[in-house]
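Architecture at a glance
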Amino acid sequence: MSDSTHGSEGSLQLARIYLDQGRFREAEGHLKKALSESPQDAGLFYLLALCQLSNHRPSEALPSIGEALRRQPQHAEFHALLSGILCALGRGREALAAAEEALRLNPESTEGFRARCQALCSLSRWPEAEEMVLQVLRLDAENVWAASQLAFIQRSQGRTIENADHLRHMLGRHPDDADTHAAMAWNHLQQGNRAEAEKHFREALRLDPENRAARDGILETLRARSPVYRAYLNFAFTMQRFSAAQRWVIVIGLIVLINVGGTLLQGPAGRILLWAYFLFALWTHAARAVGNGLLLTDSLGRLILTTEEKVEGLIISVLMAVGIITVPVAFLLNSGALMAGMYLVLACFPLAYVFVNEARNGVILFSLFTAAILMAGALDLAHSLGLLSLEKGLPNTLFLSSFILAMITSWACSSRALVRRVQYVA
């Protein structure tokens, strides 16, 4: 056996040790070394893709699993991992097709069932996803992932009482499983029991300090100390029960209802209704960022928040506060600063999808939207102060264009190709 083969096997053995420990970054380095010595090994590309996905880099994992499939196109587990990567990239329908190919190649593949379940969850097709989980449990009654996923699916459908019974049974069998404690915590949070939620989130983090579900959950629990954020969280839990198509119907129906109401209600009443909807829409997009801003005053919140989340919370909270305060004050004083406040508020729509967004294309697009709105606002303010002369009608065009960019954001943010956050609840 050549030295190269020995070197490849040694790197692979070290990679597997790190994989077993969940240390994917270290494993990835050894896998790349092994691949440099055995570049035709499909299994190495598969493991590399697994590490890249686990390290929250699905765009890098996609070509890696593509190389594995190019060498072994009939390998069911390769197609199952491809499905998981496509899910992470927001390509739910393609993910479902890849999972079904995995099951076609191996009808009893646990990974295939798991992948199909995840794809169905990404499409909010809860009953079908539940059937997939039950099939996994029929093949492997002790599968902890399937039991946890069943809990997630039940909770996503609002079946919190049934979910609590299931989770208590799971904790009785696996009292030291961090995922189960995190799932129980989310169930308590959805029921409004923040004290119990925080207790289970803390236990999950004690058992696994890197647990994303617990980390994101305890942040949501802390944000939910604010009654306004609690209202947003309850709204998010309610909307989660519906499929993507149903959510679109609800949103479109609400827009039509508001427009009809605004037309029927003449004068101040109609304007108040339209403004109420506008503020509601703004809050659904910026609530999470403002929640991060509020957590900057909390010692535990500051400890858990990432640098990006802190920056996001600070900037968007300041922009919203200044914008919302400026509008009524400037209106009462008949000041030209009124429109400047409006531009600041509009900029918060795309800015909410810049700092904590895993989708590079989305970061670029929403950064350009934010810059365009702020630039338009600066031109409008300079014009109103007499520092710059703009052609007649151009200020109105600038504001309308900025408003359109904000509205485009409110629709585009539903695309996981443009907005992708590594968090337990979307």
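The coordinates are above.
Below is a short write-up of the structure. Predicted, not measured: the structure shown is a model, and the values here were computed from it. (Residues numbered from 1 in each chain as written. Predicted model: local features only at pLDDT ≥ 70, side-chain atom pairs only at ≥ 80, totals over all residues. Heavy atoms only, no water.)

Focus on the pattern of salt bridges
Our working rule: Any carboxyl oxygen of Asp or Glu within 4 Å of a side-chain nitrogen of Lys or Arg constitutes a salt bridge here. Put simply, DSSP marks the helices as runs of H or I at least four residues long and the strands as runs of E at least two long, and each gets a number from the N terminus on. Burial classification: accessible surface area is computed with a 1.4 Å probe over protein chains only, and a residue below 20% of its type maximum counts as buried, one above 50% as exposed, and the rest as partly exposed.
Enumeration according to the criterion identifies 23 salt bridges in this entry. Here Glu312 makes a salt bridge to Arg288, at a shortest N to O gap of 3.6 Å. With Glu312 in helix H18 (residues 307-333) and Arg288 in helix H16 (residues 268-295), this pair connects stretches of sequence that are 24 residues apart. Residue Glu312 shares its accessibility class with Arg288, and that shared class is buried. Here the salt bridges do not stand alone but share partners, grouping Arg215, Asp216, Arg288, Glu309 and Glu312 into one network.

Comments concerning the environment of Leu81
Worth spelling out the cut-off: By the convention used here, residues are in contact when the closest approach between their heavy atoms is within 4.5 Å.
Within the secondary structure, Leu81 is located in helix H5 (residues 76-88). Taking the relative accessible area as the measure of exposure, Leu81 reaches 9% and is therefore buried. On a C-alpha basis, the gap between Leu81 and Leu50 in space is 7.3 Å, while along the polypeptide they are 31 residues apart. If we ignore the near neighbours within four places in the chain, the residues touching Leu81 are Tyr46, Ala49, Leu50, Leu53 and Ile65.

Details of the packing of helix H8 (residues 126-139) against helix H9 (residues 144-156)
Under the convention used in this document: A fitted line through C-alpha atoms serves as each axis, taken over the contacting stretch for helices, and the angle formed by two N-to-C directions is quoted from 0 to 180°. For classification purposes, an angle smaller than 35 degrees is called roughly parallel, one larger than 145 roughly antiparallel, one from 65 to 115 roughly perpendicular, and anything else oblique. Two helices crossing with the near one rotated counterclockwise from the far one by less than a right angle form a left-handed crossing, whereas a clockwise rotation gives a right-handed crossing. Ten residue types, Ala, Val, Leu, Ile, Met, Phe, Trp, Tyr, Cys and Pro, are classed as nonpolar, four, Asp, Glu, Lys and Arg, as charged, and the remainder, Gly among them, as polar.
Running from amino to carboxyl end, H8 crosses H9 at an angle of 160°, the nearest separation of the two axes being 9 Å. Taken together, the axes of H8 and H9 lie roughly antiparallel to each other. Between H8 and H9 the crossing geometry is left-handed. Seen from H8, the contacting residues are Trp126, Ala129, Glu130, Val133, Leu134, Val136 and Leu137; seen from H9, they are Trp145, Ala146, Ala147, Gln149, Leu150, Phe152, Ile153 and Ser156. Counted by class, the contact of H8 with H9 contains 12 nonpolar, 2 polar and 1 charged residues.

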